[in-house]
Amino acid sequence: MTHRALRLAAALVMAGGAVTALTMGPAEAAPAACHASGSAIYTPPASVSGAPGKLLACEPVTLPEVPGISMRAWKVQYVSTNVHGAKIAVSGTVAVPTAPWPGPGPRPVIAFNPGTLGLGPQCAFSKQLAGAYQGEYEGSNIAAILQAGYAVAATDGVGYLNGQVHTYVVGQNAGHALLDIARTAFEVPGAGLSPAAKVGIWGYSEGGQASLWAAQFAASYAPDLHVAGDAAGGVPGNLKVTAAALNGGAFAGFGLDAVIGLHSAYPDMPFNSLLNSAGVSAVRQAESLCWAGTIASFAFANIENYSTNHLTLNQIYALHGPEGTWGEIVNRQKLGVGLGAAYKIRFPVFQYRGLLDEVIPASTEEATRAAYCAAGVRTQWNTYPGDHILADSEAIGDVMNWFAARFAGRPATSNC
């Protein structure tokens, strides 16, 4: 995307800045052991077994949108764990530069979660990276990872397999899927990656929320990973604050996506019975769209107009179901709660936001940072002059320098 087009898109984008694309060398250079078809990658297994991160299927792919970087790349399907503790399959992409890693130690891996893509199955990050769906996204984040010589393990997130709906902004699903694809990268035949490698975690907007959830789960869920640090920008740390700002505004479609994503993760909670005809139509439409269509179709929509009783957000939060109230479920997605106890973070964190962010309220971004600082997490906090989409690009150089220091074992500073 050109810089001019990026500025035009900034008026529409929630989290596209972190959405990126790759290229690689000839597909025939990939190992024959990865022989799944593209359709198999997105077909849920009849049953899922194996440890989290187990590689279920892989396919060598050509990823053309970051020219000039020689790499090997694969689509993968792997095991993860959902909010109810069940084994599930998730899709994603692993890419490794062909240039030898100069060391010291094994080649590091950065587990990456893209920003908001939309709920439509065609929007899956791995499909976009492979050119199956052409989105308007720069490859800056992924290019920076690969140019530094690191491998990248980019998750699609939970719910992009056939017949599923993405569990948008559901923290436990997102954090698990991101940690697990780092594990998967070590199993890809021919990738040449070592489980002893240092791991970084990175994401922006929806991806930033996912990366901080991965940071909070790392010690308990993935103690085998050698996580050196987490970078997260544009983070919707409190969904209630974010939803109140989105509802009725230009980016209201992302609020609708969040409601749908939460229902996808908690299907026994009241949802379909609440919808009027406009709500049924809106849900069906949102589940077919990528980010640009979501914004255009639902700009200035009010959630009240989609239920038979014109329920407000607060009234929806009060509704009871088998897993408590909707409000309690939304509160479970709040970042920074239980740090140092339930969610012990043993590595540094880099957080950042744009001073002109028009999508995520500054109050929730600042509050997430404050919660981490109060818990004693070594936190680097940066702000950038741009809006939501531009801040991600503005931060890339600092993020990569920060990861280089973490992988080199240099002490992290904190500016809390």
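Data block above holds the structure.
Just so it is clear, the model here is predicted, and its values are computed rather than measured.

Each value, and the rule that gives it
Residues numbered from 1 in each chain as written. Predicted model: local features only at pLDDT ≥ 70, side-chain atom pairs only at ≥ 80, totals over all residues. Heavy atoms only, no water. 1 Å grid on protein atoms, 1.4 Å probe; cavity = no way out; pocket = protein on both sides within 12 Å on 5 of 7 lines; lining within 4 Å. Points joined across faces, edges and corners; volume = space filled by probe spheres on them. Helix = DSSP H or I, 4+ residues; strand = E, 2+ residues; numbered from the N terminus. Nonpolar A, V, L, I, M, F, W, Y, C, P; charged D, E, K, R; others polar. Buried < 20%, exposed > 50% of the residue type's maximum accessible area, 1.4 Å probe, protein only. Polar contact = N/O pair within 3.5 Å; in protein donor to acceptor, adjacent residues only side chain to side chain. Contact = heavy atoms within 4.5 Å. Pairing = 2+ DSSP bridges. Axes fitted to C-alpha atoms, helices over the stretch in contact; angles between N-to-C directions. Core = buried A, V, L, I, M, F, W, Y, C linked by side-chain atoms within 4.5 Å. Salt bridge = Lys/Arg side-chain N within 4 Å of Asp/Glu carboxyl O.

Q: For this particular structure, what's the right way to read empty space enclosed by the protein?
A: Taken as a whole and assessed by the stated rule, the structure comprises six cavities of 30 Å³ or more. Considering only enclosed or pocket space, the largest cavity measures out at about 530 Å³ in volume. Lining the largest cavity we find 33 residues, and of these Gly255, Ala258, Val259, Ile303 and Leu313 sit closest to its centre. Elements that contribute at least two residues to the lining of the largest cavity include exactly helix 7 (239–246), helix 8 (252–265), helix 11 (313–317) and helix 12 (326–331). Broken down by element, the lining of the largest cavity gets its largest block of residues, eight residues, from helix 8. Here the lining of the largest cavity is built from residues that sort into 27 nonpolar, six polar and no charged.

Q: Is there a simple way to think about the side chain of glutamine 209 in this case?
A: With respect to the secondary-structure elements, glutamine 209 resides in helix 6 (residues 206–221). For glutamine 209, a relative accessible area of 0% translates into the label buried. A polar atom in the side chain of glutamine 209 sits 3.2 Å from the backbone oxygen of valine 169. If sequence neighbours within four positions are ignored, glutamine 209 has contacts with Val169, Val235, Pro236, Leu239, Gln333 and Leu335.

Q: Please explain the layout of surface pockets as it appears in this structure.
A: Empty space among the atoms becomes apparent when a probe as large as a water molecule is rolled across them. In this structure, the largest pocket encloses a volume near 240 Å³. As for the largest pocket, its lining consists of 17 residues, and the residues nearest its centre are Asn82, Ile88, Ala89, Val158 and Gln164. Mapped onto the lining of the largest pocket, the elements with two or more residues apiece are strand 3 (87–97) and helix 8. For the lining of the largest pocket, the leading source of residues is strand 3, giving three residues. Looking at the lining of the largest pocket residue by residue, the class counts come to nine nonpolar, seven polar and one charged. Volume-wise, the second largest pocket comes out at about 190 Å³. Around the second largest pocket, the lining residues are Trp101, Pro104, Gly105, Pro106, Pro108, Tyr150, Lys198, Ala404, Phe407 and Ala408. Classifying every residue of the lining of the second largest pocket by side-chain character gives eight nonpolar, one polar and one charged.

Q: Which parts of the structure should I look at to understand the sheet that holds strand 11 (residues 379–384)?
A: Within a sheet, each strand pairs with its neighbour through backbone hydrogen bonds, oriented either parallel or antiparallel. On the basis of which strands lie adjacent, the open sheet formed by nine strands has the order 1-2-3-5-4-6-7-10-11 and mixed pairing. Since the sheet does not close on itself, it has two edges, and those belong to strand 1 (55–60) and strand 11, each with one partner. Strand-to-strand twist across the sheet, computed as the mean angle between neighbouring axes with direction ignored, equals 20°. One ladder, built from four bridges, connects strand 7 (residues 226–233) with strand 10 (residues 349–354); its direction is parallel. If you follow glycine 233 over to strand 10, its bridge partner there is tyrosine 352. Sheet strands touched by helix 6: strand 2 (71–81), strand 4 (109–113), strand 6 (198–204), strand 7 and strand 10. Its angle to strand 6, the strand with the most contacts, is close to 145°.

Q: Looking at this structure, how should I read the nonpolar core?
A: One recurring pattern in soluble globular proteins is that nonpolar side chains are buried together. By size, the foremost hydrophobic cluster in this structure holds 48 residues, and its most contacted members are Val76 and Leu179. Top contributing element to this core by residue count: helix 6, with seven residues. When neighbours within four sequence positions are excluded, valine 76 is seen to be in contact with Ile41, Leu55, Ala57, Cys58, Val90, Ser91, Gly92, Thr93, Val94, Ile181, Thr184 and Val188. Grouped together as the second largest cluster of nonpolar side chains are 40 residues, Leu119, Leu239, Ile260 and Val330 included.

Q: What's the story with the environment of glycine 192 in this structure? I'm lost.
A: For glycine 192, the location among the structural elements is in the loop between helix 5 (171–185) and strand 6. Placed 86 residues apart in sequence, glycine 192 and proline 106 show a C-alpha to C-alpha distance of 9.3 Å.

Q: So what exactly am I meant to see when it comes to the pattern of salt bridges here?
A: Side chains that carry opposite charge are capable of pairing whenever their charged atoms lie near each other. Within this structure, the stated rule accounts for four salt bridges. Ionic pairing is found between arginine 183 and aspartate 180, a salt bridge with its closest N-O pair at 2.8 Å. Here arginine 183 pairs with aspartate 180, and both are found in helix 5, just three residues apart, close to one helical turn. In terms of burial, arginine 183 and aspartate 180 fall into one category: buried. Across the pair arginine 353 and glutamate 366 runs a salt bridge whose closest N-O atoms are separated by 3.2 Å. Placement of arginine 353 in strand 10 and of glutamate 366 in helix 13 (residues 362–374) is noted, with a sequence separation of 13 residues between them.

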